[in-house]
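Coordinate analysis (summary)
Read off the chains here:
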Amino acid sequence: MPSSIDAEDLLERFCRYVRLDTRSDAHSTTCPSTPGQWDLLRLLEKELKELGLADVRLTADGYVLATLPANSPRAGVPRLAWFAHVDTASELPGGAKPIVHRKFDGKPITLPDDPTQQLTLETIPHLREKTGDDIVTASGATLLGADDKAGVAIVMAAARHLLRHPEIAHGEIRLCFNPDEEIARGMAKLDLKELAADVGYTLDGETLAEINFETFSADAAVLEIRGVSIHPGWAKGVMVNALRLAGQFLSALPAEVSPERTAGRDGFIHPIEVDGNADRCTVRMILRDFELPGLAAKRAAVEQIVSQLRIVEPRATFTLTFTEQYRNMRYWLEKDMRPVEFAREAISRAGLTPFSSAIRGGTDGSNLTARGLPCPNLFCGMHEVHSQREWVSLQDMTKAVETLLHLAELWHEKA
């Protein structure tokens, strides 16, 4: 396989993509949830056509689909799909000013737009392994957006490389760039029949050589509280303050089952937003666990607290709803581990030592796998995601491109 992956083209693509503000919005009912995502989707549609891919299409719901035609003489080669999401998390501004720190020397990196934001070997252990790499950060005022624009750039670079190197035999490969992964709606509008793939890979992982085939199972929960309103001047014995009830509910959530106090295979209950006034208040939460019984136990814990509040304050109205978001992909992938095994071999062929870890989160592959398209998750080198200190190594991204090229070959060889 040619090793001449064009790292500078990869870097230029990545920097071009992260400059666009593509934050998603959980409160929006549209798909994509924000106008900014359309800017990147339309740019990708244009670039795919310029590269020469076939069947390039931007759907009405914001999915960019394209086909890399097969060049394998073999019949029956499974059709691969490579996925990356265009949205970034909503907690911090997007539209990064990317900074490339060439040949990182191990000294602290201070981000100029907020000097309190620093990347050091003491606070970010993975940086110790990246001395000599080209590190990309934002300027300190925004997310970098490597989650998941690193994945977007990697998929684009892999497709470009295969088009320029027809000596690499492969079956048909479908590309899909999707919106709204960060709000757990990334695959909600994707037509799998139109995609017509046999196996998929999301490029949405972190550490070099990592492959994930286990994620959290996830539910969302919303508690709506309706109090009793009256002028505060004569509220005694009449007013029921929905905000105070929300505070009691939040105080009753078990602290030991919070993101701040859990790690490894422990799940959590995480309140993410409180909105309202004395009359009405809404508390939004996410529930996470690797196993379904654990997730059910967290639902029950929330229900029990609400039941107690109903007894304490019968004049208030409490409405609690749960919504399934995604499920642990392991439940399906463990029935046929070939997609994982091939990924491990591809990573090995790229000169790396593959390893797996359970994601304390989810990917679009969680939804896809549950719907019948096996879809493990591959590394793309991003770190400190969802923070101003987010960074990525260009060399790690290049190895991710190489891994995809080996995967394309492997599925051809083993057809």
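The structure we're discussing is the one just above.
Okay, so let's go over this structure. (Residues numbered from 1 in each chain as written. Predicted model: local features only at pLDDT ≥ 70, side-chain atom pairs only at ≥ 80, totals over all residues. Heavy atoms only, no water.)

Comments concerning the overall build of the protein
What counts is decided by this rule: To qualify as a helix, a DSSP run of H or I must reach at least 4 residues; to qualify as a strand, a run of E must reach at least 2; elements of each kind are numbered from the N terminus. Throughout, radius of gyration means the C-alpha value; the globule benchmark is 2.2 Å times the number of residues raised to the power 0.38. The method behind every accessible area is Shrake-Rupley, applied with a 1.4 Å probe, and residues are considered shielded solely by the protein chains displayed.
On a plain count of helices and strands, the protein comes out with 10 helices and 18 strands. In terms of overall size, the protein behaves like a compact globule, its C-alpha atoms giving a radius of gyration of 23 Å where 415 residues would be expected to give roughly 22 Å. With respect to the principal axes defined by its C-alpha atoms, the protein has extents near 80 × 50 × 35 Å. Carbon and sulfur atoms make up 50% of the accessible area of the protein, which totals about 17300 Å².

Here's the deal with helix α2 (residues 35–51)
Within an α-helix, residues lying three or four positions from one another point in the same direction, as the helix has 3.6 residues per turn. Counted only if it meets this: A helix is expected to span 1.5 Å for every residue after the first. With a 1.4 Å probe rolled over the protein chains alone, any residue whose accessible area is under 20% of its type maximum counts as buried; one over 50% counts as exposed, and the rest are partly exposed. Contact definition: two residues touch when any of their heavy atoms are within 4.5 Å.
Taking 1.5 Å as the rise per residue, α2 with 17 residues should run 24 Å; its terminal C-alpha atoms sit 25 Å apart, in good agreement. Listed in full, the buried residues belonging to α2 are Gly 36, Gln 37, Trp 38, Leu 40, Leu 41, Leu 44, Glu 45, Glu 47 and Leu 48. Buried residues in α2 make contact with α1 (7–18), β1 (54–58), β2 (64–68), α3 (146–164) and β8 (173–178). One or two steps after α2, the chain reaches Gly 52, where phi turns positive at roughly 105°.

Examining the sheet that holds strand β18 (residues 391–393)
Inclusion rule: At least two DSSP bridges between two strands are required for those strands to pair.
Read from one edge to the other, the open sheet built from 4 strands follows the order β4-β7-β18-β17, with strand pairing classed as antiparallel. Strands at the two margins of the open sheet, each flanked by one partner only, are β4 (99–101) and β17 (382–383).

A look at the environment of Thr 317
Topologically, Thr 317 is positioned in strand β14 (residues 317–326). Sequence separation between Thr 317 and Ser 366 is 49 residues, and the spatial gap between their C-alpha atoms is 35 Å. Apart from residues lying up to four places away in sequence, Thr 317 is in contact with Glu 224, Ile 225 and Arg 226.

Some points on the state of the cysteines
Spelled out, the test is: Criterion for a disulfide: a pair of cysteine sulfur atoms at a distance within 2.5 Å.
Tallied over the entire structure, the rule returns 0 disulfides. No disulfide involves Cys 380; its sulfur sits 13 Å from the nearest other cysteine sulfur, which is in Cys 375. You can call Cys 380 buried: its relative accessible area is 0%.

Quick look at the packing of α2 against α3
In plain terms, the rule: In this analysis, axes come from line fits to C-alpha atoms, helices being fitted only over the stretch in contact, and the angle between any two N-to-C directions falls in the range 0 to 180 degrees. Every angle not falling under 35 degrees, over 145, or within 65 to 115 is termed oblique; those three ranges are roughly parallel, roughly antiparallel and roughly perpendicular. The classification used treats Ala, Val, Leu, Ile, Met, Phe, Trp, Tyr, Cys and Pro as nonpolar, Asp, Glu, Lys and Arg as charged, and all other residues, Gly among them, as polar.
Axis separation between α2 and α3 bottoms out at 11 Å; the angle between their running directions is 10°. In terms of axis orientation, α2 runs roughly parallel to α3. On α3, the residues touching Leu 40, Leu 44, Glu 47, Leu 48 and Leu 51 of α2 are Lys 149, Val 152, Met 156, Arg 160 and Leu 163. Within the contact of α2 with α3, the residues separate by chemical class into 7 nonpolar, no polar and 3 charged.

A word on the nonpolar core
The following threshold applies: The criterion is simple. A nonpolar core is a set of buried Ala, Val, Leu, Ile, Met, Phe, Trp, Tyr and Cys residues joined through side-chain atoms within 4.5 Å.
In this structure, Phe 14, Trp 82, Leu 175, Phe 177 and Tyr 201 are the most contacted members of the largest nonpolar core, which totals 71 residues. A per-element tally of this core places α3 first, with 11 residues. Setting aside chain neighbours within four positions, we find Leu 175 in contact with Leu 48, Leu 53, Val 64, Leu 65, Ala 66, Trp 82, Val 155 and Ala 159. Listed in part, the 23 residues of the second largest apolar core include Ala 221, Ile 225, Leu 245 and Ala 316.

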